[in-house]
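Each chain, letter by letter, is given below.
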There are 2 protein chains.
Amino acid sequence: MEVLVPFSADRPKSRLSDVLDPDERVAFARTMLDDVLTAIVDAGGRPHVLSTTSIEPDRQDAIVRGPPDPPGTVDTRPLTAAVNAALDDRLSGNGSGGGTASSDPVGVVMADLALATPEALGRLFGAVDDADVAIAPGRGGGTNALVVDTSSFRVDYHGVSYLDHRRIATAAGATVHEVDSHRLATDIDEPDDLAEVLIHGDGATADWLRDAGFDLATTGGRVGVVRE
Amino acid sequence: MEVLVPFSADRPKSRLSDVLDPDERVAFARTMLDDVLTAIVDAGGRPHVLSTTSIEPDRQDAIVRGPPDPPGTVDTRPLTAAVNAALDDRLSGNGSGGGTASSDPVGVVMADLALATPEALGRLFGAVDDADVAIAPGRGGGTNALVVDTSSFRVDYHGVSYLDHRRIATAAGATVHEVDSHRLATDIDEPDDLAEVLIHGDGATADWLRDAGFDLATTGGRVGVVRE
C-alpha cells in the first residue's frame, strides 16, 4: 500500500516554541518524520512524502535515515488540497501528477505520529479489508491517519476533521472503520505531548528528546516534561 | 471475568471544578461510572465497584441505570491499597474479604473511562490469553485499565504507573501485553477531555454533557469545549 505522508517542512511545530527554538523544531520534526517513515516501511507500506518545500540538501540525511531515499513530491498548497490532489492522482486518475489510477487503497499518515508502531499501522492498513475508509482519530478530533479504498472519498482537514470525515464518507455511501489506537491518536504538537514520546517511544524521536535534556516530570495532575 | 471498578465517591473530579460545580461533578462522575459498568457487562465482564464511600440512597438510581445493582465493596483506603487487597482476595486467597482464590484473571478498569466500548474492553480482556498482565495505558502515563492473570503482580498507582507496572511485572517474571486504545487511554479528568466525550461518546455521559450545555469549540489549536 502506498502511504502519503504530508510534511510541513517550513517552520514546523510552532506550538512547541516554548520548549524548542526554531532550528530545534526543524530537527525534531524531521526526526519524527524519520520514525514515521520507518514504521510505515516495517508495516509493509510504501511511504511517499508530500512536503510543502523541498528538503534542504544539508539536512536531507536527517530525512532518509529510515527507509533509504523515500520518494516524495513538493506541493505548496494547503494540506487538504495537496492530499486531495494526490488521492485524485492515485484513485481516479484525474489528477495532474501523471499517476495511474488503481484499485489499491491509499494511506495518509501524518508525519508527527512519533509513537506509531508497525503493529498500530498494521491495524490501520488492515482495516480497509472490511470498510471503504479506515480512520484513526487524533486527540482533539483530528484525523491522524486514514486509508481510503474508494474513489468517492476526499479529505477536509479543517475543524473537527474526524467527524467531518465520517460525514463525508456517509454522504458518499462509503463505510467507515474507526481504528482505536492511542499511538495513532497522539500527534506530537504541544509540550505535554512530549511526555507521551518519553513514555512510549523507542525510536529516534525519544532519543532526540533525551539528548536534548528532556525528562519526565510528575506535577500535580498528569505527567509532563522538564528540560535540564 | 470479574472486573474491579475503583470509584472515588466523595468529591470526585476536582480538576473539572472550573467548568462543573460540586453537585454537577458528583452527578457527572456517577454517569461516567454507569457508562463504564454498562460497557463492561456488554463486553462479557462482571463489574464489582470498589467505592471509597457508600452510595447515598437518594443517588443510588444514578449508579445502577446500567447493569442492575452491580455488586460493590466500600474501601476507604487509597486506591493502590484497596485494589491490591481486592487482588489478594481474588488471586491468592490471602485477603480479608472472604473471597476464594481462583485461577481466573481479574480486571481493574477506572470509573472515568467514558469512551470505553465493549470492543475496546474486549481487546483488553482478550489480551491475557497470551500474557500474564494486560495494560491499557492512559494519556500521561497512568494505568487506566489492566487485567491480571498471575498472583505475583500487584499495582502501584503513584507516579507514572504505566512504566512502574511494566517494571513490577518484569521483576515478578510476568509477561505484559500493551493494549493500544485511544478510548481506554482517555480518562476524563480535565476540561479538554470533555471534547473527547462529545466527539466519540454515544452513552449517558455524552448526553449528560450536552444537556448541561456543553458543545465542541474550535479554538487556535485542538478542539475544546464551550458551555452555553
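Residues numbered from 1 in each chain as written. Chains lettered and ligands numbered in written order. Predicted model: local features only at pLDDT ≥ 70, side-chain atom pairs only at ≥ 80, totals over all residues. Heavy atoms only, no water.

### Remarks on the environment of Asp215(A)
1) Next: Considering the arrangement of structural elements, one finds Asp215(A) in strand β8 (residues 214-218).
2) Next: With near-sequence residues (within four places) excluded, Asp215(A) lies in contact with Leu198(A), Gly224(A), Val225(A), Val226(A) and Glu228(A). (Helix = DSSP H or I, 4+ residues; strand = E, 2+ residues; numbered from the N terminus. Contact = heavy atoms within 4.5 Å.)

### Looking at the interface of chain B and chain A
1) Next: Chain B puts 30 residues into the contact, and the matching count from chain A is 30 residues.
2) Next: Summed over both partners, the interface of chain B with chain A buries about 2,700 Å², with 49% contributed by carbon and sulfur atoms.
3) Next: In this structure, the connection of chain B to chain A is made through six salt bridges.
4) Next: The salt bridge partner of Arg123(A) is Asp180(B), with a shortest N-O separation of 3.6 Å.
5) Next: Inspection of the chain B/chain A interface yields 14 residue pairs in polar contact (both at pLDDT 80 or more). (Buried area = accessible area lost by both parts, 1.4 Å probe. Salt bridge = Lys/Arg side-chain N within 4 Å of Asp/Glu carboxyl O. Polar contact = N/O pair within 3.5 Å; in protein donor to acceptor, adjacent residues only side chain to side chain.)

### A closer look at the relation of the copies chain B and chain A
1) Next: Of the two same-sequence chains, chain B is brought onto chain A (RMSD 0.0 Å, axial shift 0.0 Å) by a rotation of 180 degrees. The operation mapping one copy onto its partner corresponds to a two-fold rotation axis.
2) Next: Taken as a fraction of all interface residues of chain B, those also at the interface in chain A reach 100%, which identifies the copy contact as same-surface. (Least-squares fit on C-alpha atoms with pLDDT ≥ 70 in both.)

### Let's talk about the environment of Ala212(B)
Residues and elements named next belong to chain B.
1) Next: Among the secondary structure elements, Ala-212 is positioned in the loop between α8 (204-211) and β8 (214-218).
2) Next: Overall, the relative accessible area of 18% leaves Ala-212 in the buried class.
3) Next: Taking the C-alpha atoms as reference points, Ala-212 and Pro-118, separated by 94 residues in sequence, lie 26 Å from one another. (Buried < 20%, exposed > 50% of the residue type's maximum accessible area, 1.4 Å probe, protein only.)

### Description of the sheet that holds strand β1 (residues 2-7) of chain B
Residues and elements named next belong to chain B.
1) Next: Spatially, β3-β2-β1-β4-β6-β5-β7 is the arrangement adopted by the seven strands of the open sheet, whose pairing is mixed. Unpaired on one side and paired on the other, β3 (72-74) and β7 (176-178) mark the two borders of the sheet. Averaged over all pairs of adjacent strands, the angle between their axes in this sheet comes to 20 degrees, without regard to strand direction.
2) Next: As paired elements, β1 and strand β2 (residues 46-51) share six bridges and run parallel to each other. Following the sheet pairing, Leu-4 is matched in β2 by His-48. (Pairing = 2+ DSSP bridges. Axes fitted to C-alpha atoms, helices over the stretch in contact; angles between N-to-C directions.)

### Digging into the pattern of salt bridges
1) Next: Counted by the stated rule, this structure contains 26 salt bridges over all chains.
2) Next: Several salt bridges converge on common partners, so that one network encompasses Lys13(A), Arg15(A), Asp112(A), Asp189(A) and Glu190(A).

### Some points on the pairing of β2(B)
Residues and elements named next belong to chain B.
1) Next: Among the six residues that make up β2, five are buried, leaving the element largely enclosed by the rest of the structure.
2) Next: Once you follow β1 into helix α1 (residues 22-42) and on to β2, the crossover reads as right-handed.
3) Next: Two strands pair when backbone bridges link them, and β2 and β3 are joined in this way by three bridges, in the parallel orientation. Within β3, the position partnered with Ser-51 by the bridge is Val-74. (Right-handed = clockwise from strand over helix to strand, strands pointing away.)

### What to know about helix α5 (residues 161-171) of chain B
The periodicity of an α-helix, 3.6 residues per turn, causes residues three or four positions apart to be oriented the same way.
1) Next: Here α5(B) has its buried residues at Ser161(B), Tyr162(B), Leu163(B), His165(B) and Ala169(B).
2) Next: At its buried positions, α5(B) is contacted by α7 (191-200) and β8 of chain A together with β5 (133-137), β6 (143-148) and β7 of chain B.
3) Next: Within two residues after α5(B), Gly173(B) carries a phi angle of roughly 75 degrees, on the positive side.

### A short note on unusual backbone geometry
All names here are of chain A.
1) Next: Although it is not a glycine, Lys-13 adopts a positive phi angle of roughly 60 degrees.
2) Next: Secondary-structure assignment places Lys-13 in the loop between β1 (2-7) and α1 (22-42).
3) Next: The class for Lys-13 is buried, based on a relative accessible area of 15%.

### As for the packing of aromatic side chains
All names here are of chain B.
1) Next: Under the definition given, this model contains two aromatic pairs over all chains.
2) Next: Note on Phe-28 and Trp-208: the rings are 5.2 Å apart at their centroids and 50 degrees apart in plane angle, and the pair reads as tilted. One end of the pair, Phe-28, is in helix α1; the other, Trp-208, is in helix α8, and 180 residues separate them in sequence.
3) Next: We classify Phe-28 as buried; its relative accessible area is 0%. (Phe/Tyr/Trp six-rings, centres within 6.5 Å; stacked < 30°, edge-to-face > 60°.)

### Things to note about the side chain of Asp187(B)
All names here are of chain B.
1) Next: On the secondary structure map, Asp-187 appears in the loop between α6 (182-185) and α7 (191-200).
2) Next: Judged by its relative accessible area of 10%, Asp-187 falls in the buried class.
3) Next: A polar atom in the side chain of Asp-187 sits 3.4 Å from the side chain of Asn-144.

### Topic: helix α8 (residues 204-211) of chain A
Residue and element names in this part refer to chain A.
1) Next: What α8 keeps buried is the set Ala-204, Thr-205, Ala-206, Trp-208 and Leu-209.
2) Next: In this structure, the buried residues of α8 make contact with α1, α7 and β8.
3) Next: Trailing α8 by a residue or two, Gly-213 shows a phi angle of about 95 degrees, which is positive.

### With respect to the side chain of Glu196(B)
1) Next: Inspection of the secondary structure assignment puts Glu196(B) in helix α7.
2) Next: The side chain of Glu196(B) is buried and forms no salt bridge, while Arg139(A), the nearest opposite charge, is found at 4.5 Å.
3) Next: Not counting chain neighbours up to four residues away, the residues in contact with Glu196(B) comprise Arg139(A), Gly140(A), Gly141(A), Leu115(B), His182(B), Thr186(B) and Gly201(B). (Lys, Arg positive; Asp, Glu negative; His and termini not counted.)

### Focus on the sheet that holds strand β7 (residues 176-178) of chain A
Residue and element names in this part refer to chain A.
1) Next: With respect to topology, seven strands assemble into an open sheet ordered β3-β2-β1-β4-β6-β5-β7, the strand pairing being mixed. Each edge of the sheet is formed by a strand with only one pairing partner; in this case those strands are β3 (72-74) and β7. When the angles between neighbouring strand axes are averaged without regard to direction, this sheet yields 20 degrees.
2) Next: Where β1 meets strand β4 (residues 106-109), three bridges bridge the pair, whose relative direction is parallel. Residue Val-3 lies in a different strand from β4, and its bridge partner there is Gly-107.
3) Next: Lying on the sheet, α1 is in contact with β1, β2 (46-51) and β4; it crosses β1 at an angle near 175 degrees.
4) Next: Most of the contacts of helix α3 (residues 79-92) go to β1, to which it runs at about 160 degrees, and overall it touches β1, β2, β4 and β6 (143-148).

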